[in-house]
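# Architecture and fold: a report
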Amino acid sequence: MSAEQNMALARRLMEARVKGDVDAVDEMLAPNFVSHARLLPDQAPDREGAKWAVAQLAAAFSKASVVVEDQVAQGDKVVTRFVVHSTHDQGELMGVAPTDRELTSTHIVIQRISGGKIAEEWGIGTMGWKLRGQRLEQERIERERVEQELRVARRIQQASLPKEVPTLEGWEISPHYQPAREVGGDFYDFHLLSEGRLGLVVGDATGKGVPAALVMSTTCGMLRLAAQSPSSSPGEMLGRVNEALFPYIPANMFVTCFYAILDPKSGTLSYANAGHDLPYLRRRDGEAEELRARGMPLGLMPGMSYEEKEIELKAGEVALFYSDGLVEAHDPKGEMFGFPRLLALVAQHVEGSLGDFLLEELYSFVRKGWEQEDDITLLTLRRSVSPS
């Protein structure tokens, strides 16, 4: 073949590639074709790999055209410099979603021709790094979107948490809330009830980000509304909130919630539990016990009833309410902090703040450099002296 014929063959191959004509490409490649330059990262260096790359590009781009800017031939080799214009509007390529933008890329290709077929190819082009640049831009936009969502979730969550801690004579109430980077659905609240009683609630909406924050905020509002009824018990309040929440909660989401009512004069604590982690009570003799009550999480199904229990806290005794971010924390070896460890630590604690003591033990367990996996909420209720 003459130099002109070789150059014409090279141009036809480029046009077939740009048009996505796999059959034409197959016709022009030699059976033992070898490519030393890949159009795509996963492309095999043989004839089948070349055809696969053409099909992948055709599935991602439309309105493609090629302009040959320079071409020379010597012996059995042809060197071509060309520009491809195409619109990335059809499918993902190299991890880049369609942008509807026109992509202009420049290429230089050397091809060896044997027996009227293209037998070997070398080349370099700008399409790869331009796509990588778009991918980095898309990743940056996605990071900004996620960060914005996290900021919104934090604002929703912070707005739903109480601004002040109630002061009760003879009682110490100490909340601690520590959000993870990816905000979860933890919440706690206090309700001032009739006859000087105090409602205490700790809960956790499933999921992360804005959906969890919205469900958490909605649940907090429903609990506050339910607490306005003068004669409601913990179980009745959880039952009413469950009925109100169920029709509106997104699929596959629910809320665990522990609700207690404290009578500060008598020291009695009545409570009900909607599937939340069991609180602990540390007695004066050093024994630690679970506060058990049966009940399904809120929002799972209607018609639920919630068992109620009652205990009395004596001077020096403390109750601990918490979220799963504490017990599900992992150390560098993957071991979980766990319920048995928490129960033992509650029993071991003697004086000072139980919440501070548990956090110190947690940080010692997870070690330096720990990346918090979930929100951590602790709420301690301690009877310091008998009310006058």
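Let me sum up the structure you'll find in this document. (Residues numbered from 1 in each chain as written. Predicted model: local features only at pLDDT ≥ 70, side-chain atom pairs only at ≥ 80, totals over all residues. Heavy atoms only, no water.)

This part takes up unusual backbone geometry. Phi is positive for Asn252, close to 65 degrees, though the residue is something other than glycine. Along the chain, Asn252 falls in the loop between α6 (234–245) and β9 (255–263). Here Arg367, not a glycine, exhibits a phi torsion of approximately 70 degrees, which is positive. Among the structural elements, Arg367 can be located in the loop between α9 (354–366) and β15 (376–383). A relative accessible area of 55% means that Arg367 is categorised as exposed. (Helix = DSSP H or I, 4+ residues; strand = E, 2+ residues; numbered from the N terminus. Buried < 20%, exposed > 50% of the residue type's maximum accessible area, 1.4 Å probe, protein only.)

Now for the packing of aromatic side chains. The full count for this structure, using the stated rule, is six aromatic pairs. Aromatic pair Tyr280 and Tyr322: ring centres 5.7 Å apart, planes at 15 degrees, arrangement stacked. One end of the pair, Tyr280, is in strand β11 (residues 280–282); the other, Tyr322, is in strand β14 (residues 318–322), and 42 residues separate them in sequence. On the accessibility criterion, Tyr322 (0% relative accessible area) is buried. (Phe/Tyr/Trp six-rings, centres within 6.5 Å; stacked < 30°, edge-to-face > 60°.)

The α-helix winds at 3.6 residues per turn, so residues separated by three or four positions along the chain end up facing the same way. Between its first and last C-alpha, helix α3 (residues 47–60) extends 21 Å over 14 residues, near the 20 Å set by a 1.5 Å rise per residue. If you check which residues of α3 are buried, you get Arg47, Gly49, Ala50, Lys51, Ala53, Val54, Leu57 and Ala60. (Expected span 1.5 Å × (residues − 1).)

It is worth spelling out the environment of Arg112 at this point. As for its position among the elements, Arg112 is in strand β4 (residues 101–114). For the pair Arg112 and Ala244, spaced 132 residues apart in the sequence, the C-alpha separation amounts to 74 Å. Sequence-distant contacts of Arg112, defined by excluding residues within four places in its chain, comprise Asp76, Lys77, Lys117, Ile118, Ala119, Glu120 and Trp122. Reaching out from Arg112, the side chain makes a polar contact with the side chain of Glu120 at a distance of 2.9 Å. (Contact = heavy atoms within 4.5 Å. Polar contact = N/O pair within 3.5 Å; in protein donor to acceptor, adjacent residues only side chain to side chain.)

This paragraph deals with the sheet that holds strand β1 (residues 29–35). Note on sheets: strands pair through backbone hydrogen bonds, and any given pair is parallel or antiparallel. Read across the sheet, five strands follow the order β1-β5-β4-β3-β2 without closing on themselves; strand pairing throughout is mixed. The open sheet is flanked by β1 and β2 (61–74), the only strands paired with a single partner. On average, each strand axis in the sheet is inclined to that of its neighbour by 25 degrees, with strand direction left out of account. Examined bridge by bridge, strand β3 (residues 77–88) and β4 share 12 bridges and lie antiparallel to one another. Residue Thr87 lies in a different strand from β4, and its bridge partner there is Glu102. Packing against the sheet, helix α1 (residues 3–19) makes contact with β1, β2, β3, β4 and β5 (117–125), and its axis sits at approximately 165 degrees to β2. Of the strands in this sheet, β1, β2 and β3 are in contact with α3, which crosses β1 at around 80 degrees. (Pairing = 2+ DSSP bridges. Axes fitted to C-alpha atoms, helices over the stretch in contact; angles between N-to-C directions.)

Glancing now at helix α8 (residues 339–348). Those residues of α8 that fall on the buried side of the exposure criterion are Leu342, Leu345 and Val346. Buried residues in α8, looked at end-on, bunch into an arc of 100 degrees, giving them a common side. When the buried face of α8 is taken as reference, the exposed residues oriented beyond 90 degrees from it are Pro340 and Gln348. (Arc of directions from axis to C-beta.)

Take the pattern of salt bridges next. Tallying each qualifying case throughout the model produces 19 salt bridges. The partner of Arg145 in a salt bridge is Glu142, with the nearest N and O atoms 2.6 Å apart. Taken together, the residues span about one helical turn, with Arg145 and Glu142 both in helix α4 (residues 127–160) at a distance of three residues. Residue Arg145 is classed as partly exposed on the basis of its relative accessible area of 44%. (Salt bridge = Lys/Arg side-chain N within 4 Å of Asp/Glu carboxyl O.)

Moving on, we come to the side chain of Gln111. Within the secondary structure layout, Gln111 lies in strand β4. Relative accessible area serves as the criterion here: at 1%, Gln111 is assigned to the buried category. Within the structure, the side chain of Gln111 is placed 2.8 Å from the side chain of Glu121, a separation counted as a polar contact.

Counting buried residues in strand β10 (residues 268–274) gives six out of seven residues, a clear majority hidden from the surface. Pairing of β9 with β10, which is carried by seven bridges, proceeds in the antiparallel orientation. Opposite Cys257, over in β10, you have Ala274 as the bridge partner. Note: β10 against strand β13 (residues 308–312), five bridges, orientation antiparallel. Within β13, the residue paired with Leu269 across the bridge is Ile311.

All right, on to the state of the cysteines then. Note on terminology: disulfide describes a covalent bond linking the sulfur atoms of two cysteines. Applying the stated rule across the entire model yields zero disulfides. The closest cysteine sulfur to the non-disulfide-bonded Cys257 is located on Cys220, 8.3 Å from its own sulfur. (Disulfide = S-S within 2.5 Å.)

Below, the discussion takes up the packing of α8 against α9. Two numbers describe a pair of packed helices, the interaxial angle and the distance between the axes. α9 packs onto α8 with a crossing angle of 135 degrees between their chain directions and a minimal axis gap of 10 Å. When the axes of α8 and α9 are compared, the pair comes out oblique. The chirality of how α8 crosses α9 is right-handed. Contacts from Arg341, Leu342, Leu345, Val346 and Gln348 in α8 reach Leu354, Phe357, Leu358, Glu361 and Phe365 in α9. (Parallel < 35°, antiparallel > 145°, perpendicular 65-115°, else oblique. Left-handed = near helix turned anticlockwise from the far one by under 90°.)

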